[in-house]
Amino acid sequence: MTGPVTGPVTGPVTGPVTGPQPGDLEQAILGGLPELTAPELADAAGVTGEQARRLWRALGFPEYPDDTPAFLAADADAMRLLAGVMEAGLLDMDLAVNLTRALGQTMARLADWEISSLTQRVEEMTAEGSGRTRVDTAVALVEQFSRPFEELLIYAWRRHLAAAAGRIEALADQDDEDLHVTDLTVGFADIVGFTALSNTLTEDRIGDLVELFEMRCADVVASQRGRVIKSIGDSVLFVNDDTVRAYDTAEGIIQVIGRDPRMPDVRVGLASGSVVMRLGDVFGPPVNMAARLTNVARRNRIIIDSGTAARLPADQFETRRMAARPVRGFGIVEPVAVRRH
């Protein structure tokens, strides 16, 4: 068997191309093969077996029998680094597990997204007739793409870390006893009739639609200095500390999605108030209210709660109370329709 292709991805192939064997792609990504059992991993990392299991589960990976070589030396190195941070007193075990879980969930989503995007490129490059198999091409692409992407990953993390630190610093200036509680306007954008629509589309078309929806929403949210908290298939949850900008975000989403004849209609709900921020997510009544309001909104319309209406400048916006109706979890609520003058 020849080794993984190390030359340029688009360059000519010389000599026989037998292709990597199953597992070579994983080896190219990880830089080695599993060689340590769970007890050996814990011993090499200087942690107990229970600590190793908790941290490994927190990353989102399954446990393995103690006699199965399933871990790399790099796994032990990473766990040893984390153990050193705990020994220094910077983190206790519970906090280390929480941060590791957040990291694992974020990286899992990023990895799925990355592989989905690169798979199409691998297919294109294979079809170009280079003589390589899909696995050959994938290994070569991984080898050339990994390092610059890792550098970009660190850069993006530092930029987001700085932004998050700035938000925490702003909260501290408010003398708030709980830095996890902040006042925000929460937005929830939802594709109208997604279930029925998805039944009429192929799997590829559904994937393309969701990706385009998420991408356009993210662009609009970023342009208004807000943040996407999460995407849930046919909906996007975002926040902004400026209520007017949150409205502009909702209006922008309707323009780039609902007003595009190639895209489905959308509905957007906005609610304002105190929310709890934890591990990159937000919780609290405004989050639930924003989601509920999308069930009230008409196609390509924005519906807000009374708290949001009170924050919008009266000289710029016209608000109108709608008929009171039951809203799950909130009792009888009067939603508010809104538009700019």
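Overview of the side chain of aspartate 190
Here comes step 1: Turning to its location among the elements, aspartate 190 is positioned in strand 1 (residues 181-191).
Here comes step 2: Aside from chain neighbours lying at most four places away, what touches aspartate 190 is Asp234, Ser235, Asp265, Val266, Arg267 and Thr294.

Let's talk about the pairing of strand 4 (residues 266-278)
Here comes step 1: In terms of burial, strand 4 is largely enclosed, as ten of its 13 residues are buried.
Here comes step 2: As paired strands, strand 1 and strand 4 are joined by eleven bridges and run antiparallel to one another. When the bridges of strand 4 are listed, glycine 187 appears paired with leucine 270.
Here comes step 3: Here three bridges tie strand 4 to strand 5 (residues 281-283), and the two strands are oriented antiparallel to one another. The partner of valine 276 across the bridge, within strand 5, is phenylalanine 283.

Notes on helix 10 (residues 285-293)
Here comes step 1: Regarding helix 10, the residues found buried are Pro286, Val287, Met289, Ala290, Ala291 and Leu293.
Here comes step 2: Residues of helix 10 that are buried make contact with strand 1, strand 3 (235-240), strand 4, strand 5, strand 6 (302-304) and strand 9 (331-333).

A short note on helix 8 (residues 203-223)
In an α-helix, one turn spans 3.6 residues; hence positions three or four apart end up facing the same way.
Here comes step 1: Between its terminal C-alpha atoms helix 8 stretches 30 Å, which fits the 30 Å expected from 21 residues at 1.5 Å a residue.
Here comes step 2: A positive phi of about 65 degrees marks arginine 225, the residue just after helix 8.

What about the pattern of salt bridges?
Here comes step 1: Evaluated as defined, the whole model comprises 16 salt bridges.
Here comes step 2: With a closest N to O distance of 3.8 Å, arginine 109 and glutamate 214 form a salt bridge. A residue pair is termed long-range when its members are at least 10 positions apart, and arginine 109 in helix 5 (residues 93-127) and glutamate 214 in helix 8 qualify at 105 residues.
Here comes step 3: Judged by its relative accessible area of 40%, arginine 109 falls in the partly exposed class.
Here comes step 4: Residue classification places glutamate 214 among the buried residues on the basis of a relative accessible area of 12%.
Here comes step 5: With its nearest N and O atoms 4.0 Å apart, the salt bridge here joins arginine 340 to glutamate 251. On the criterion of sequence distance, the pair formed by arginine 340 in strand 10 (residues 336-340) and glutamate 251 in helix 9 (residues 243-258) is long-range, its members being 89 residues apart.
Here comes step 6: The partly exposed category is assigned to glutamate 251, whose relative accessible area is 29%.
Here comes step 7: Linked through salt bridges whose partners overlap, the residues forming this network are Glu50, Arg53, Arg57 and Glu63.

Reading the values: rules and limits
Residues numbered from 1 in each chain as written. Predicted model: local features only at pLDDT ≥ 70, side-chain atom pairs only at ≥ 80, totals over all residues. Heavy atoms only, no water. Helix = DSSP H or I, 4+ residues; strand = E, 2+ residues; numbered from the N terminus. Contact = heavy atoms within 4.5 Å. Buried < 20%, exposed > 50% of the residue type's maximum accessible area, 1.4 Å probe, protein only. Pairing = 2+ DSSP bridges. Expected span 1.5 Å × (residues − 1). Salt bridge = Lys/Arg side-chain N within 4 Å of Asp/Glu carboxyl O.

Purely geometric numbers; function is a separate question.
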